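# Inside the fold
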Amino acid sequence: RSPGVLWIKAAVVYLVMGVGLGIYMGASGDHVMVPVHAHFNLLGWASLALVGLIYHQFPAAGSSRLATVQFWLHNVGLLAAMALLVSALRGNTGLDPFLGLASVIIGSAIVLFAINVFQRVR
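We now turn to the structure provided with this report. All values reported here derive from a predicted model rather than from experimental measurement.

### Side note on the packing of aromatic side chains
Applying the stated criterion across every chain yields a total of 5 aromatic pairs. Between W7 and F71 the ring centres are 5.0 Å apart and the planes differ by 85 degrees, which places this aromatic pair in the edge-to-face class. Of this pair, W7 sits in helix α1 (residues 4-28) while F71 is found in helix α4 (residues 65-89), placing the two residues 64 residues apart along the sequence. Taken individually, W7 and F71 each receive the classification buried, so the pair is uniform in this respect. Here F71 and W72 contribute two aromatic rings whose centre-to-centre distance is 5.1 Å and whose plane-to-plane angle is 90 degrees, an arrangement assigned as edge-to-face. On the basis of relative accessible area, F71 is assigned to the buried category, the value being 8%. Assessed through its relative accessible area of 54%, W72 is described here as exposed. By the ring-pair criterion, three or more aromatic residues cluster together here, those being W7, Y55, F71, W72 and F113.

### Considering the side chain of N116
Note on placement: N116 falls in helix α5 (residues 96-120). Polar side-chain contacts of N116 include one of 3.3 Å to the side chain of S64. Those residues in contact with N116, other than ones at most four positions away along the chain, are Y55, A61, S64, L66, A67 and V121.

### Overview of the packing of α1 against α4
Packing of α1 against α4 leaves a shortest axis separation of 12 Å and a crossing angle of 10 degrees. For the element pair α1 / α4, the angle class is roughly parallel. Contacts between α1 and α4 involve L6, W7, A10, Y14 and M17 on the former and, on the latter, A67, Q70, F71, N75, L78 and L79. Each residue belonging to the contact of α1 with α4 can be placed in one class, and the counts come to 9 nonpolar, 2 polar and no charged.

### Topic: a nonpolar patch on the surface
Together, V12, V16 and W45 line one region of the surface with nonpolar side chains, adding up to about 260 Å² of accessible area. Since its relative accessible area comes to 31%, W45 is described here as partly exposed.

About the cut-offs
Residues numbered from 1 in each chain as written. Predicted model: local features only at pLDDT ≥ 70, side-chain atom pairs only at ≥ 80, totals over all residues. Heavy atoms only, no water. Phe/Tyr/Trp six-rings, centres within 6.5 Å; stacked < 30°, edge-to-face > 60°. Helix = DSSP H or I, 4+ residues; strand = E, 2+ residues; numbered from the N terminus. Buried < 20%, exposed > 50% of the residue type's maximum accessible area, 1.4 Å probe, protein only. Polar contact = N/O pair within 3.5 Å; in protein donor to acceptor, adjacent residues only side chain to side chain. Contact = heavy atoms within 4.5 Å. Axes fitted to C-alpha atoms, helices over the stretch in contact; angles between N-to-C directions. Parallel < 35°, antiparallel > 145°, perpendicular 65-115°, else oblique. Nonpolar A, V, L, I, M, F, W, Y, C, P; charged D, E, K, R; others polar. Patch = residues over 30% accessible without salt bridge, like charges linked within 9 Å, V, L, I, M, F, W, Y side chains within 5 Å. Areas by Shrake-Rupley, 256 points an atom, 1.4 Å probe, with all protein chains shown as cover. Salt bridge = Lys/Arg side-chain N within 4 Å of Asp/Glu carboxyl O.

Note that every value here comes from positions in space, so none of it alone points to a role or purpose.
As structure tokens, this is what we get:
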């Protein structure tokens, strides 16, 4: 199985979540969660789908230990960040430092992706 498959399947889960949230917002008329919707679609669906396609095309990069660490950092960070962003958008700003930490975790995963691409994509 291609190392990109897991990434693509995770991306599809985020697509369903992002579109589902968009449908909910449209039906309810409550658009407070637009940033969550946008992040699920960009950092979840679009980013992970592209990473998956790259790792499918370049399996040496996708099957590296770095890619595994990147996968878990990205997904744990994104889910945590979105839960914390929902809380912040509902007025609970006391958790903002944790939202910042989750964002740094996602950023770290992106940096690992860049390192992996420059080291292994030929």
